[in-house]
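Listed below, chain by chain, are the residues.
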Amino acid sequence: MSRKKNKYPPKIKVAPSFLRKTNEQLLTFVDRITYIYKVNASTRQIVEVVNVSYEVKIEAKWITIVRYDSSHNYLHKHIKVFLESELEITTRDRVKQKGDHKSWLTWAIDDVQKNFYEYRRLFFKRSKIIDNFY
Amino acid sequence: MWYNLNLSMSIKTQASKNLKLSEKLAQFLVNHPKATEKFPKNASFVTFSAQDKNLNKVNKQLINELLEEGKKVIKAEETNDRKLPWRFTAIAS
C-alpha cells in the first residue's frame, strides 16, 4: 500500500517573542523603585520578573539596596550587605513562592513599597552612615 | 550631597505619598502593558496626584532634577476617570 501524502503542511514552530518592560519611579530625590519584567508579546503574559528593586542615592550615585528576581523560576530576594561591599545576601525566606510570575511581580513591588523605609534604615545602619534625609 | 531645596513637605512625607500613588500606578502598568508602549524605554515616571497640589508642587522639582541628569521623564497624572485613571505626558528637556 502506498503511503498517503500528508495534505497538511508541516507545522513550523515559531519561538515566542518577548517584550521587556522597564518602569522606574522616583519617590524623592534620594529614593526610587524600578521594576523590569518580561512579557510574552503575543499572549501578554508576564513570564519573568527580571528586577524589582529599591535604590537610594548616596553621593550622586544610585545604589540598589534590595532587589527581587525570578531568574531561576522562583522568586528570590537579594539584599546588599553594606555600601562599601559588593556582597549580597540571597534568600527565599519570607518571599512569596506560590503563584505565577505576575503575582510574584505584584508581590515584590508591594513588598518594596511597604518596607522601603525599613530596608533603607537597616542598610544605612549596616553601612555605618548617617541618613541625612530621613 | 546636600540639596538646597525649598520643599514645603519633608522627604519622608513625600516618599510616603508617592508610594501610595506609585502602588496604584504599578498595578495599572502591569495590567495595561500597552499604556506606555509609545514612550521611551528608559524613561523615569514621576507621579502626580489628582488632589494633592502640595505634593504635585514638590514633584515638579523631581522632574527638573531628572531633566538636569539627562533622563527622559514621563509625567503620570492621576485622574478621577475610572476608565482612564492615569494620563501620561512625555516631558522634553
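Residues numbered from 1 in each chain as written. Chains lettered and ligands numbered in written order. Predicted model: local features only at pLDDT ≥ 70, side-chain atom pairs only at ≥ 80, totals over all residues. Heavy atoms only, no water.

1. Comments concerning the packing of aromatic side chains
Centre distance and the angle of the planes are the two values used to describe a pair of aromatic rings.
Residues and elements named next belong to chain B.
Next up, step 1: Scanning the model with the defined rule gives six aromatic pairs over all chains in all.
Next up, step 2: Measuring from centroid to centroid gives 6.0 Å for F45 and F88, while their planes differ by 75 degrees, and the two rings are edge-to-face. Highlighted residues: F45 in strand β1 (residues 44-48) and F88 in strand β3 (residues 86-91), separated in sequence by 43 residues.
Next up, step 3: Put simply, the rings of F28, F39, F45 and F88 touch in pairs and so form one group of aromatic residues.
Next up, step 4: Against the face of F48 rests K75, its NZ or CZ located 4.7 Å from the ring centre. (Phe/Tyr/Trp six-rings, centres within 6.5 Å; stacked < 30°, edge-to-face > 60°. Helix = DSSP H or I, 4+ residues; strand = E, 2+ residues; numbered from the N terminus. Lys NZ or Arg CZ within 6 Å of the ring centre and 35° of its normal.)

2. Description of the interface of chain B and chain A
Next up, step 1: Residue-level contacts link 32 residues of chain B with 32 residues of chain A.
Next up, step 2: Taking both partners together, chain B and chain A bury about 3000 Å²; carbon and sulfur atoms supply 61% of that area.
Next up, step 3: Counting the contacts that link chain B with chain A gives three salt bridges.
Next up, step 4: One salt bridge in this structure joins E24 of chain A and K71 of chain B, with 3.1 Å as the shortest N-O distance.
Next up, step 5: The tally of links between chain B and chain A comes to nine residue pairs in polar contact (both at pLDDT 80 or more).
Next up, step 6: For the side of chain B that touches chain A, the secondary structure elements donating two or more residues are α1 (11-31), β1 and α2 (53-68) of chain B.
Next up, step 7: Per-element accounting of the side of chain B that touches chain A gives the leading share, 14 residues, to α1 of chain B.
Next up, step 8: Tallied by class, the residues present in the side of chain B that touches chain A amount to 17 nonpolar, seven polar and eight charged. (Contact = heavy atoms within 4.5 Å. Buried area = accessible area lost by both parts, 1.4 Å probe. Salt bridge = Lys/Arg side-chain N within 4 Å of Asp/Glu carboxyl O. Polar contact = N/O pair within 3.5 Å; in protein donor to acceptor, adjacent residues only side chain to side chain. Nonpolar A, V, L, I, M, F, W, Y, C, P; charged D, E, K, R; others polar.)

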